[in-house]
There are 2 protein chains.
Amino acid sequence: MLMQGANSNSSLTPSLKRPAVRMPASEERAGSIELMGALMPFGRNSEIFGENESADYLYKVVSGSVRSYKVLVDGRRQIGAFYVPGDIFGLESGDTHTFSAEAITDCKILVIKRSAVMALAARDPDVARQMWAATARELARVQAHSLLLIKTAQERVASFLLEMAERVAADGLVELPMSRQDIADYLGLTIETVSRTLTQLEKTAAIGVPSSRRILLRNRSALRRLNA
Amino acid sequence: MLMQGANSNSSLTPSLKRPAVRMPASEERAGSIELMGALMPFGRNSEIFGENESADYLYKVVSGSVRSYKVLVDGRRQIGAFYVPGDIFGLESGDTHTFSAEAITDCKILVIKRSAVMALAARDPDVARQMWAATARELARVQAHSLLLIKTAQERVASFLLEMAERVAADGLVELPMSRQDIADYLGLTIETVSRTLTQLEKTAAIGVPSSRRILLRNRSALRRLNA
DNA sequence: CGACCATTTGATATGGATCAAGCGATGTGG
DNA sequence: CCACATCGCTTGATCCATATCAAATGGTCG
């Protein structure tokens, strides 16, 4: 399943190379989770894991960005989350992934064997607590996302921009790694509505759109006011 | 904050009585979390905790049912979850609750001090793992709820009925503890739409509605087909 | 330059919201 | 025990935000 990352795209061959730093087992302690994984490259649009695959690994974005999504029976795609450098993903309840994950851009992902984490967590309460905390953070994100989905188009787009700004912006300029279609599928809207809403926000001077992937936040408090 | 359960309603005085079974500290082991709490009664519509209050306790429904919700700035109320006997709630990311919780019906809630759980988890990896698992289950539920919110009215109502059926039904007959308004706020619809959708499902013989709080699932596969 | 894909813009359709009224059950006071 | 108020729910009529269908524009890469 991990290998699918390779074939669905590109000439990248993510040969699972040993991480540079590897502590002897006795040294594995709280905070060392990140030293337990292997750094793997994924090409744009390649699959990192698929829905219903067994969740044998955890993932941490080192560079690039990732979308998690689910395709509904009627063909609609719902994006559950965008992950940017620093984010951990692949935390799921059971032993199988409930979402798929794809690289939005070329990216480097730290891939960590879940069983190793579990084993470590069984010995080290602090590691267990860290995993709990990571899951709880994810829970909070999903809850916030739920709240998005009951808002109006303007509110959703405004919330999205503010969210991305927090995570990825250099002083007011948000560089979006994802397409309008990705945004639409994240917000539960159509690309047309996303596009129209952006032009609308531009007209009211809340934002600027120098290029389609670059959004300048001119008036954050106006956006926050829309945040309902 | 805990006391609000008492005053906002009824003559019940939830005097924090000691639980019947109380193990000496040395005996507190995995699975004993439930012995660490106090059983408290809450009257219908009374508040169990409020948004932004510090999350000092975890809760487990023993009898009755509970709604968690958030009131948005514009006055709309979004219900995040319904909890029935056996469910744990009040797990939040940080140290403050992000939702409020109210008793839908009179209920009995096991109230557990979070710090006690945390302390125990620090010593006992299995407890920590259990808490992680509980949080992960909650995460899965919220994710499922997110997916609901992008569906059509029919799909949302059908999914809701199937969800409640799994949790609360005695062979096909779902006894709803909550009002149409609660359902509407959970599904991100209006009560009119919920009502209309139910009559519509009744006409297609997918369900029966002997009384407004009792729903008979006549044709689950039809509902599942709607589940998109 | 030309083909292709992403995005924007325009015209129309529609699902669910909103506004408004009717109905049935439950409870209260006479 | 019945008249009446109240509350929760259903049903009806209309409106509106967003979807859908369709076309134009712009940006990128061979």
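Quick look at the structure, then.

About the cut-offs
- Residues numbered from 1 in each chain as written.
- Chains lettered and ligands numbered in written order.
- Predicted model: local features only at pLDDT ≥ 70, side-chain atom pairs only at ≥ 80, totals over all residues.
- Heavy atoms only, no water.
- Near = heavy atom within 4 Å.
- Polar contact = N/O pair within 3.5 Å; in protein donor to acceptor, adjacent residues only side chain to side chain.
- Helix = DSSP H or I, 4+ residues; strand = E, 2+ residues; numbered from the N terminus.
- Nonpolar A, V, L, I, M, F, W, Y, C, P; charged D, E, K, R; others polar.

Taken together, 16 residues lie around DNA strand D, and Ala153(A), Thr193(A), Arg180(B), Arg196(B) and Thr199(B) are the ones closest in. When atoms of DNA strand D within 4 Å of the protein are sorted by moiety, sugar and phosphate together comprise 62%. Between DNA strand D and the protein, one listed contact pairs a base nitrogen with a side-chain N or O atom of Glu192(A) at 2.9 Å. Here a phosphate oxygen of DNA strand D sits 2.4 Å away from a polar atom, N or O, in the side chain of Thr193(A). Within the residue set of the surface near DNA strand D, elements represented by two or more residues are helix H6 (191–203) of chain A together with helix H6 (191–203) of chain B.

Glancing now at the protein's contact with DNA strand C. Of all residues adjacent to DNA strand C, which total 16 residues, the nearest are Arg180(A), Arg196(A), Thr199(A), Ala153(B) and Thr193(B). Looking at DNA strand C alone, sugar and phosphate atoms form 63% of those within 4 Å of the protein. In this structure, Arg213(A) approaches DNA strand C through a side-chain N or O atom, which is 3.2 Å from a phosphate oxygen. Mapped onto the surface near DNA strand C, the elements with two or more residues apiece are H6 of chain A together with H6 of chain B. When residues in the surface near DNA strand C are grouped by element, the largest group, four residues, is from H6(A). Each residue belonging to the surface near DNA strand C can be placed in one class, and the counts come to two nonpolar, eight polar and six charged.

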